[in-house]
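# A closer look at the structure
The lines below spell out each chain.
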Amino acid sequence: MSDTPERYGSLSRWFHWGMAILIVWQFLKIGDLINEGEHWIGQTLVPWHISIGFLILILGIVRVYWAIKQSAHRPKLSGPLAPLARIGHFLLYLVMLLLPVLGIFYMVGKGYGLKVFGMQLIERSETGIAWMASVGSLHAPVAVLFLLLVIGHIGATFYHHFILRDDTLKRMTR
């Protein structure tokens, strides 16, 4: 279950791939822009956007705790691009946690409240909270940044696997 210098443990791999699926699901929110959401993506997956985002926040916090706890045991980044990889991973974690917070700020700030998996966690408000709505409006641009970071992460993985032919991808899949 724990990480080793040769590979990531089963819990780290579960966090990585499980959250990757949830994050791809979240990116399907862009389906709202197609035909005003009047299609199967907009009608079946997008309504879960807030609940899945909240789940990503909770799992992200646990994942960060696990990563910190395992940091001494994890495979080490090496080579001339290692500093760039460290910055990229830090930004991925940061934005992964920031996006749900910004989404919550937007929802509460606009007076919508917060309903997660059918449970009303924060009640609706007639007035909203202007500063929260303003900060929360950064949710969409930060989501674009996150998409670019994810594309960069996948591109770096392909670079390692197909160009460098090293075991970077294998450490997260076996």
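On a predicted model such as this, the values are computed, not experimentally measured, just so you know.

Before going further, it helps to examine helix 1 (residues 10-27). Between its first and last C-alpha, helix 1 extends 25 Å over 18 residues, near the 26 Å set by a 1.5 Å rise per residue. Of the surrounding secondary structure, the elements contacted by the buried residues of helix 1 are helix 3 (49-70), helix 4 (82-109), helix 6 (139-164) and helix 7 (168-173).

Turning to the pattern of salt bridges, a few remarks are in order. For the structure on display, the rule yields 1 salt bridge. Here Asp3 and Arg74 are joined by a salt bridge, their closest N and O atoms 2.6 Å apart. With a gap of 71 residues between them, Asp3 in the segment before helix 1 and Arg74 in the loop between helix 3 and helix 4 connect regions that are remote in the sequence. For Arg74, a relative accessible area of 17% corresponds to the buried category.

Taken together, the side chains of Leu81, Leu84, Ile154, Phe158, Tyr159, Phe162, Ile163 and Leu164 define a hydrophobic patch exposed on the protein surface, amounting to about 830 Å² of accessible area. For the nonpolar patch, the element with the highest residue contribution is helix 6, accounting for 6 residues. With respect to the helices, strands and loops of the structure, Tyr159 is situated in helix 6.

Helical periodicity: at 3.6 residues per turn, an α-helix aligns residues three or four positions apart in one direction. Its 22 residues place the ends of helix 3 30 Å apart at the C-alpha level, agreeing with the 32 Å of an ideal helix rising 1.5 Å per residue. Among the residues of helix 3, those classed as buried are His49, Ser51, Ile52, Gly53, Ile56, Leu57, Leu59, Gly60, Arg63, Trp66, Ala67 and Gln70. At its buried positions, helix 3 is contacted by helix 1, helix 2 (40-45), helix 4, strand 1 (114-116) and helix 6.

A separate point is the UniProt feature "transmembrane region" (unreviewed entry) in the chain. In this structure's numbering, the residues bearing the UniProt feature "transmembrane region" (unreviewed entry) are residues 12-28, 48-66, 87-109 and 142-164. Counted over residues 12-28, helix gives 94% and strand 0%. Its end C-alpha atoms are 25 Å apart. A distance of 31 Å separates the end C-alpha atoms of residues 142-164, which is 100% helix and 0% strand.

Rules used in this analysis
Along every chain, residues carry numbers that run from 1 in the direction the sequence is written. Where totals are concerned, whole chains, interfaces and linings use all residues; where local detail is concerned, this predicted model gives features only for residues with pLDDT of at least 70, and gives and counts side-chain atom pairs only at 80 or more. The basis for the side-chain values is all heavy atoms of the structure; hydrogens and waters are excluded. Strands are runs of DSSP state E lasting at least two residues, helices are runs of H or I lasting at least four, and both sets are numbered from the N terminus onward. Residue count minus one, scaled by 1.5 Å, sets the expected span of a helix. Residue contacts follow a heavy-atom distance rule, with two residues in contact if any of their heavy atoms lie within 4.5 Å. Note on definitions: salt bridges are taken to be side-chain nitrogens of Lys or Arg within 4 Å of carboxyl oxygens of Asp or Glu. Three exposure classes are used, based on accessible area relative to the maximum for each residue type with a 1.4 Å probe and protein chains only: buried under 20%, partly exposed in between, and exposed over 50%. Exposure above 30% relative accessible area and the absence of a salt bridge qualify a residue for a patch, where like charges join within 9 Å and nonpolar side chains (Val, Leu, Ile, Met, Phe, Trp, Tyr) within 5 Å. For every accessible area listed, the method is Shrake-Rupley and the probe measures 1.4 Å; residues are considered covered only by the protein chains on display. UniProt positions are given in the numbering used here, feature names are shortened, and annotations may be inferred rather than shown by experiment.

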